[in-house]
Amino acid sequence: MEKIDVVIVGGGLAGLSCAYSLAGEDLTVLVLERGDSSGSKNVTGGRIYLGPIRDLMPDLWEGAPFERHVAKEALTLMAEGSSTTIQLSSQKMNQRPYPSYTVLRSKFDRWFADKVTEKGAYVVPEKRVDDLILENGRVVGVKTGEEEIGAEVVVAADGVLSFLAEKAGLRKPFEPQHFAIGFKEVIQLPRKKIEDRFGLSGDEGTAHLFVGSLTKGVMGGGFLYTNLESISLGMVIGIDAINKREPREEVHPILDEFKESPDVRKLIEGGTLVEYSAHLIPEGGINVMPKLYADGILIVGDAAGFGLNMLITVRGMEYAVASGIMAAEAIKEAKKKGDFSARPLAHYEDLLRNSFLLKELETFRHVLSVLKNPRWFNHYPQAVCDLYEKLMRIDENPKPRLFSTAYGELRKSILNLQGIKDILSLRRI
Amino acid sequence: MTIEEKLAQDAFKNDEASHITLDQSICKDCRERFCIYSCPAHLYSLNEETDQMQVEFAGCLECGTCMITCIYGSVTWNYPRGGFGVQYRYG
């Protein structure tokens, strides 16, 4: 079989980053994308942190079609009948180079695919890869429909469900507890209205997360990101949590209830729904990481399970970019040696282990086991709201000392055996 | 706004054949019906006349939740053919 150098399956952030790094070198690079164009199958919450990846592709970011740079962070703890919001406005977040941006993937990935094409790689849309071609246990190409394409190395950038990692025998069967479902609405609003409503000027944006009663006592949360002329509003809920919660309830109306809550209703008032989307989020982390390489194949991005949801930060896109680039580095080395077997490709994992990516996944390997505790989602948001309410309350009775009010509430809700156990569990993250 | 009205805002290019198939021999013994509860597009239902599970593939957001939530392995799920299925314009 005739072979090109690199076939990248999936034209999302991981695949395109890999292609971008390889293009212009002495390599033929083909990206196969199953959608109409790059981005047409991708969904983010979404926000991308540039800090860890800016220098990996320094020439790319200028002119990138991000939405707004995040200048304000907010976190709302939702309880029954009350909520507490803390907000951070920071000059550091509002200075170039901006640390993070809100983003819409359809627009961003299509632009990125054009950049990759300009640099000399081929991005072919409407191509679903159906299978790997194996020869003596080694990956030597892919099948797409009737077509067979030979490759020295295949990069599986085929997303969270990675059928290629499965076909290559590199990952274990999926389990519900290792995935969350994200579903969101894009709600269109005039630019001026968004800026007035959220107190933003120019391209400033807000990232607002919600934890507590909105997910009805199960692991998950809500998010709101301001785009230039729309709001991304959605939720993330663990699949296992949906399966185990009582009473049984379908997941999609929970977003409608969230939209109706007093904290959210006014923020989206007058907006028009222009898209409803859903996507899986890998949450198993390093504990269920697949084998990342074998003879003739590498796995990058969501396909490798590179995501990290810590409730207050939700990460994944920068992992996709970084892993795609590190895969490209390993491929360049392999090309020099003229050997694309597992041994030289193992360099990919070495690069990951020495980078922020696997260091972070290692640091936070227990995040899922800590966060699956339902008390973070029902008991504690309620306790914080109750405490705050009591501190602020002035009624017909003489006001007791603030300290005794606070201490009494804390003893009731947090400073007991269960509470101390829960707090101690946080040491693991 | 109903879920059907939400899905009506999305762009779909539906193929003729479904990319999701169910193994009724597994579904008939299932009590939990995880698929019904976790599909964000509300595509799963029990046909009360035939007493069989059914899934409407047009309107699928291609998240794959059903394949993972069904721990009994009834759901065979593939991506729609290239160029078909949901086409996100925002994402």
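It should be noted that the structure appears before, not after, this text.
Residues numbered from 1 in each chain as written. Chains lettered and ligands numbered in written order. Predicted model: local features only at pLDDT ≥ 70, side-chain atom pairs only at ≥ 80, totals over all residues.

S.K.: Quick rundown of the overall build of chain B? Include the residues and the values.
M.R.: Across its full length, chain B holds four helices and six strands. Its helices and strands taken in sequence order, chain B reads α-β-β-α-α-β-β-α-β-β from the N to the C terminus. By the compact-globule yardstick of 12 Å for 91 residues, chain B fits well, its C-alpha radius of gyration being 13 Å. When the backbone C-alpha atoms are referred to their principal axes, chain B occupies close to 40 × 30 × 25 Å. The contacts in chain B between residues at least 6 apart in sequence include a share of 71% that link residues at least 24 apart. (Helix = DSSP H or I, 4+ residues; strand = E, 2+ residues; numbered from the N terminus. Rg over C-alpha atoms; globule rule 2.2 N^0.38 Å. Contact = placed C-beta atoms within 7 Å.)

S.K.: Outline the overall build of chain A, listing residues and values.
M.R.: The secondary structure content of chain A amounts to 15 helices and 19 strands. Taken against the 2.2 N^0.38 rule, which gives 22 Å for 429 residues, the C-alpha radius of gyration of chain A at 23 Å falls within 12% of a compact globule. Considered along the principal axes of its C-alpha atoms, chain A spans approximately 85 × 50 × 40 Å. Counting only residues that meet the buried cut, chain A has 49% of its 429 residues in that class. Long-range contacts, defined as pairs at least 24 residues apart, comprise 73% of the intrachain contacts of chain A with a sequence gap of at least 6. (Buried ≥ 20, exposed ≤ 12 C-beta atoms within 10 Å, placed from the backbone.)

S.K.: Describe the pairing of strand S4 (residues 69-79) of chain A, listing the residues and the values that go with them.
M.R.: Residues and elements named next belong to chain A. Burial runs high along S4: eight of the eleven residues are buried. Where S4 and strand S12 (residues 204-212) come together, nine bridges link them in parallel fashion. Note on S12: the bridge partner recorded for threonine 76 is phenylalanine 210. Across eight bridges, S4 lies against strand S5 (residues 82-89) in antiparallel orientation. What sits directly across from alanine 74, in S5, is glutamine 87. (Pairing = 2+ DSSP bridges.)

S.K.: Please set out helix H6 (residues 252-260) of chain A residue by residue, giving values where relevant.
M.R.: Buried within H6(A) are the following residues: His252(A), Ile254(A), Leu255(A), Phe258(A) and Lys259(A). The arc enclosing the buried residues of H6(A), seen along the axis, measures out at 155°, which places them on a common side. Facing away from the buried side of H6(A) by over 90 degrees, the exposed positions are Pro253(A) and Glu260(A). The inward-facing, buried residues of H6(A) contact strand S11 (179-188), strand S13 (220-226), strand S14 (230-238) and helix H7 (262-268) of chain A together with helix H1 (3-7) of chain B. (Arc of directions from axis to C-beta.)

S.K.: Describe the nonpolar core, listing the residues and the values that go with them.
M.R.: For soluble globular proteins, the rule of thumb is that nonpolar side chains tend to be buried together. All names here are of chain A. Ranked by size, the top nonpolar core spans 147 residues in total, and within it Val155, Ala156 and Leu298 carry the most contacts. Here this core gets twelve residues from one element, more than from any other, and that element is helix H8 (residues 317-337). Every residue in contact with alanine 156, bar those within four places of it in the chain, is listed here: Val9, Ser162, Leu164, Ala165, Ile297, Leu298, Ile299, Val300 and Ala303. (Core = buried A, V, L, I, M, F, W, Y, C linked by C-beta atoms within 7 Å.)

S.K.: Run through the interface of chain B and chain A, naming residues and quoting values.
M.R.: Across the boundary between the two partners, chain B contributes 30 residues, which contact 38 residues of chain A. Elements supplying a minimum of two residues to the side of chain B that touches chain A: H1, helix H3 (34-38) and helix H4 (65-69) of chain B. Taken together, the residues of the side of chain B that touches chain A break down into 15 nonpolar, ten polar and five charged. (Nonpolar A, V, L, I, M, F, W, Y, C, P; charged D, E, K, R; others polar.)

S.K.: Tell me about the pairing of S11(A), and name the residues and values.
M.R.: All names here are of chain A. By the criterion of burial, S11 is predominantly enclosed, with nine of the ten residues buried. Bridging between S11 and strand S15 (residues 272-282) involves ten bridges; their strand directions are antiparallel. Looking at S15, one finds that glutamate 185 is bridged to tyrosine 276. Pairing of S11 with S14, which is carried by nine bridges, proceeds in the antiparallel orientation.

S.K.: Describe the environment of Gln177(A), with residues and values.
M.R.: All names here are of chain A. When you line up the elements, glutamine 177 lands in the loop between helix H3 (163-167) and S11. Taking the number of C-beta atoms within 10 Å as the measure of exposure, glutamine 177 has 20 and is therefore buried. On a C-alpha basis, the gap between glutamine 177 and alanine 241 in space is 7.7 Å, while along the polypeptide they are 64 residues apart.

S.K.: A description of the environment of Gly24(A) should follow, citing residues and the corresponding values.
M.R.: All names here are of chain A. Relative to the elements of secondary structure, glycine 24 occurs in the loop between helix H1 (13-22) and strand S2 (29-32). Linking glycine 24 and valine 116, residues 92 residues apart in sequence, is a C-alpha distance of 9.6 Å. Sequence-distant contacts of glycine 24, that is, excluding residues within four places in its chain, are made with Lys119 and Gly120.

S.K.: Give me the lowdown on the environment of Glu204(A), citing residues and values where you can.
M.R.: All names here are of chain A. Tracing the sequence through the fold places glutamate 204 in strand S12. Since 19 C-beta atoms lie within 10 Å of it, glutamate 204 is described here as partly exposed. Separated by 191 residues in sequence, glutamate 204 and leucine 13 place their C-alpha atoms 24 Å apart. Setting aside its immediate chain neighbours within four residues, glutamate 204 contacts Arg68, His69, Ala71 and Asn94.

S.K.: How would you summarise the packing of H1(A) against helix H2 (residues 105-119) of chain A if you had to cite specific residues and measurements?
M.R.: Residues and elements named next belong to chain A. The contact between H1 and H2 brings their axes to 9 Å, and the two run at 20°. Between H1 and H2, the interaxial angle falls into the category roughly parallel. Read as a crossing pair, H1 and H2 show a hand that is left-handed. The residues of H2 that touch H1, namely those facing Leu13, Leu16, Ala19 and Tyr20, are Asp109, Phe112, Ala113, Lys115, Val116 and Lys119. Tallied by class, residues from the contact of H1 with H2 come to seven nonpolar, no polar and three charged. (Axes fitted to C-alpha atoms, helices over the stretch in contact; angles between N-to-C directions. Parallel < 35°, antiparallel > 145°, perpendicular 65-115°, else oblique. Left-handed = near helix turned anticlockwise from the far one by under 90°.)

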